[in-house]
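# Inside the fold
Given next are the chains, with one letter for each unit.
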Amino acid sequence: MMRIAPGTRRLLGIVAGIVVVAVLPRLVPEYAVTLLDYIGLYTLVALGLVLLTGVAGQTSFGQAAFVGIGAYTSAVLTTQLGYSPWLTLPIVLLLAGVLAWIVGSITLRMSGHYLPLGTIAWGISLFYLFGTLPALGGFGGISDIPSLAIGPLELRDVGHFYYLIWTLVIAALWASANLLDSRIGRAVRALKARAVMVESFGVDPARLRIQVFMFAALLAGLSGWLYAHMQRFINPTPFSLNVGIEYLFMAVVGGSGSVLGAVLGAFGVTALKEVLQSLLQRFAGESGPYELIVFGIAIVLMLQYARNGLWPLAARALAPLLGSNRTAAITAGGGQPTAPGAAVDGGQRTTPATVANAEQRQAPVALADTGRPTVPAAALERRPKADPPPGEPLLAIDDVVKRFGGLVATNHVTFAIRPGEILGLIGPNGAGKSTMFNLISGHLAPTAGQIRFAGRPLAGLLPAQIARLGMARSFQHVKLIGQMSVIENVAIGASLRAHKGFVATCLGLDSAEEDALMAEAGRQVARVGLTGHEWDAAASLPLGKQRVVEIARALCADPTLLLLDEPAAGLRFQEKQELARLLRGLRDQGMTVLLVEHDMDFVMSLTDRLVVLRFGEKLAEGPPIEIQRNPAVLEAYLGGVE
Ligand code: ADP
Ligand code: MG
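Residues numbered from 1 in each chain as written. Chains lettered and ligands numbered in written order. Predicted model: local features only at pLDDT ≥ 70, side-chain atom pairs only at ≥ 80, totals over all residues. Heavy atoms only, no water.

Here we take up the coordination of the magnesium ion (ligand 2). Here the magnesium ion (ligand 2) is held by Ser-434 (OG) and Gln-476 (OE1), and the distances to it run 2.1 to 2.3 Å. Here Ser-434 is found in helix H15 (residues 433-441), whereas its partner Gln-476 is found in the loop between strand E8 (471-473) and helix H17 (486-492), with 42 residues between them in sequence. Classification of Gln-476 as partly exposed rests on a relative accessible area of 25%. (Donors = N, O, S within 2.8 Å, 3.2 Å for Na, K, Ca; no water. Helix = DSSP H or I, 4+ residues; strand = E, 2+ residues; numbered from the N terminus. Buried < 20%, exposed > 50% of the residue type's maximum accessible area, 1.4 Å probe, protein only.)

Now the structure itself:
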């Protein structure tokens, strides 16, 4: 099947979107156009939440408050200070962005559930602020808000607003799809299940979460601005926590598989609400927010039966109509597993969630099929190499201790890695190898002692900062994004080798850089011998091959020091030989490698030197040939058996 470049697919999607938006008002009665306007406004908000909650895994209950910020700011500025509505738009966006930055900085740098809690508090307090500040009209609200005019054309009725709203919706969908299918987007898609991994490739997860939160707030602010000038009257009700929950519901219904899920979610929930309200009113005899009860039940059912939202189901139903490739037109494909258990981790490929993922792989929107073809592209920039001072080792471990409570996992260990060697770190299970590894990469901090890389002490540096110095690692428990293609997983490794920012990426200005990134990822996939698997979903590979994908991803970072934690585990004999050949080739090109390994034959034939750990202590150090004959090592490691 021919692969259409994602940029082209998104253009096709825009054209299709414009056609639908242009034709739709002619097909429906007039009152339905009003409904479509509201659905467009909801879509903007839900789209932000699809990215923030669905893709990046951060729940916000406070989006309605950002909508309120947009509406009230423009209402006050136009009615009380005489601003023109268009002039208030940049002010609205700036204010929403700054406030999101403040709320996000406070809550998103802390781990756990601070964002959901923080946004609930934010939503409630803004609602009461809107209702009680006299300047905002109290609960009575603000009326006589001016309408919008485009040149001589005044947007007087809902029919006019329809075109403006849906043009902005299409633009927002396009920008979001651009974002998700980019270097930054791949990192965003990894945030939910793989934040530790992206961090080790130089990405700051907290900063990225704040950026996505700000993006979502801007969309909400825009929606509020449009709402105020369409409605020409506002009061606090549409900006309450209840409505914040409805927005969240729209995003959950749409799912994280596609930006189009936001449209579907806004449509579905609005329609459901209309139906429910009239039904409940008939049966309950009075009006009230009873639909919230039904929504609550629906959320529980969805979590049980349609975790990835309704979009995957809708896409499957639409596939015969649209043809498989075009269904993916503006599918940005952020749909990584929503359940922690569904992530590729060890051999957990039989959990129910992963079975669902496997089904989704066959669906036309399967993530792995949304990537970009590798085209000839400019070479990616090399990373500056950190050379140690002459005569110094590249990495020096100096009297390092690591305690976990009472357990001493690393006990006064000292060794060094010289530039250009392959050093093996071996020892029985629980000897402290992975702990040492994590101390070096900054994922753990030593209790005592010092680690220096190229002469520079690493104390106090975060994994992302250490990655910047030129280290790249693999993980003993494979940390790939299961539903993302192999080549996109590998491209995450090159996060530090490209520089286009968030805004440029949303505007699609990163395509040259993106081509270079994907070409480099393709080269690394070929280098580790996985040619032909580029577009396979990572989870579809056997575990041994997934480890090799991890190596390719680390190589994509263009590191000075490559840290590999049990890379040969799960490989067949033949594959191990190929891996050994690859690592020798890397060393011949000047790469330094630290290898944690279990397989004695593998390390014996491959490494230049070995360091043996036992119970957290260094037992021996030397060339493999000596270690092989060392009685203490034989006793400890092989249990005395030759
Ligand atoms: P290896 O990789 O050599 O098998 P590890 O470094 O994983 O060994 O573990 C060394 C010891 O430290 C083990 O006893 C393990 O249970 C303990 N350990 C490792 N990580 C932690 C942690 N985060 N908290 C508490 N104990 C840990
Ligand atoms: Mg280990």
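There's more to say after this.
It is worth spelling out a nonpolar patch on the surface at this point. Residues Leu-94, Val-98, Trp-101, Ile-102, Ile-106, Met-110 and Tyr-114 make up a contiguous nonpolar surface patch of roughly 700 Å² in combined accessible area. Inspection of the secondary structure assignment puts Ile-106 in helix H4 (residues 85-108). Note on Ile-106: relative accessible area 54%, which makes it exposed. (Patch = residues over 30% accessible without salt bridge, like charges linked within 9 Å, V, L, I, M, F, W, Y side chains within 5 Å. Areas by Shrake-Rupley, 256 points an atom, 1.4 Å probe, with all protein chains shown as cover. Salt bridge = Lys/Arg side-chain N within 4 Å of Asp/Glu carboxyl O.)

Tallied over the full model, the rule gives 15 salt bridges. Residue Glu-421 is joined to Arg-609 by a salt bridge in which the shortest nitrogen-to-oxygen separation is 2.8 Å. Note that Glu-421 is positioned in the loop between strand E4 (407-417) and strand E5 (422-426) and Arg-609 in strand E11 (residues 609-614), a separation of 188 residues in sequence. Across this residue pair, the class does not change: Glu-421 and Arg-609 are buried. Of the charged contacts, one joins Glu-575 and Arg-572 as a salt bridge, the two residues approaching to 3.8 Å between their closest N and O atoms. Of the residues examined, Glu-575 reaches a relative accessible area of 17% and is grouped as buried.

Attention shifts here to the site of ligand 1. All residues adjacent to ligand 1 are Phe-404, Leu-407, Ala-409, Pro-428, Asn-429, Gly-430, Ala-431, Gly-432, Lys-433, Ser-434 and Thr-435. Contact between ligand 1 and Gly-430: an oxygen atom at 2.8 Å from a main-chain N or O atom of the residue. Contact distances for ligand 1 include 2.8 Å between an oxygen atom and a backbone N or O atom of Lys-433. Across the complex, the protein chains shield 59% of the 560 Å² of accessible surface that ligand 1 would expose by itself. At the level of secondary structure, the elements contributing two or more residues to the shell around ligand 1 comprise E4 and H15. Broken down by element, the shell around ligand 1 gets its largest block of residues, three residues, from H15. (Near = heavy atom within 4 Å. Polar contact = N/O pair within 3.5 Å; in protein donor to acceptor, adjacent residues only side chain to side chain.)

Here we take up the confidence of the model for the chain. On average, residues of the chain score 84 in pLDDT, and 88% of them are at 70 or above. Long-range and interchain partners of residues 323-374, a stretch whose pLDDT sits below 50, account for 152 contacts in this model, where long-range means more than four residues apart. (pLDDT = per-residue confidence, 0-100. Contact = heavy atoms within 4.5 Å.)

This part takes up the sheet that holds strand E7 (residues 456-457). Within a sheet, adjacent strands bond to each other through the backbone by hydrogen bonds, running parallel or antiparallel. If you walk across this open sheet you meet the four strands as E4-E3-E6-E7, and the pairing is antiparallel. Single-partner strands in this sheet number two, and they are E4 and E7. Inspection of the sheet shows strand E3 (residues 395-404) paired to E4 by seven bridges, in the antiparallel sense. Bridged to Leu-395 within E4 is Ile-417. Across the sheet, H15 lies against E3, E4 and strand E6 (448-453), angled at about 115 degrees from E3, the strand it touches most. (Pairing = 2+ DSSP bridges. Axes fitted to C-alpha atoms, helices over the stretch in contact; angles between N-to-C directions.)

With that settled, consider the side chain of Arg-609. Since its relative accessible area comes to 10%, Arg-609 is described here as buried. Within the structure, Arg-609 has its side chain in polar contact with the side chain of Glu-421 (distance 2.8 Å).

Our next topic: the packing of helix H3 (residues 63-80) against helix H8 (residues 205-231). Where H3 meets H8, the closest approach of the two axes is 7 Å, and the angle between their N-to-C directions is 45 degrees. Relative to H8, H3 is oriented oblique. Note that H3 runs across H8; the crossing there is right-handed. Where H3 abuts H8, its residues Gln-63, Phe-66, Val-67, Gly-70, Ala-71, Ser-74 and Thr-78 lie against Phe-213, Ala-216, Ala-217, Ala-220, Gly-221, Ser-223, Gly-224, Trp-225, Ala-228 and His-229. (Parallel < 35°, antiparallel > 145°, perpendicular 65-115°, else oblique. Left-handed = near helix turned anticlockwise from the far one by under 90°.)

A few words now on the nonpolar core. Judged by nonpolar contacts, the single largest core of 158 residues is most densely connected at Trp-166, Ile-234 and Leu-583. Beyond its immediate sequence surroundings of up to four residues, Ile-234 is in contact with Ala-71, Tyr-72, Ala-75, Gly-140, Gly-141, Ile-142, Ile-145, Tyr-227, Ala-228 and Phe-239. Counting 28 residues, the second largest nonpolar core, distinct from the first, contains Ala-431, Met-436, Ile-440 and Leu-469. (Core = buried A, V, L, I, M, F, W, Y, C linked by side-chain atoms within 4.5 Å.)

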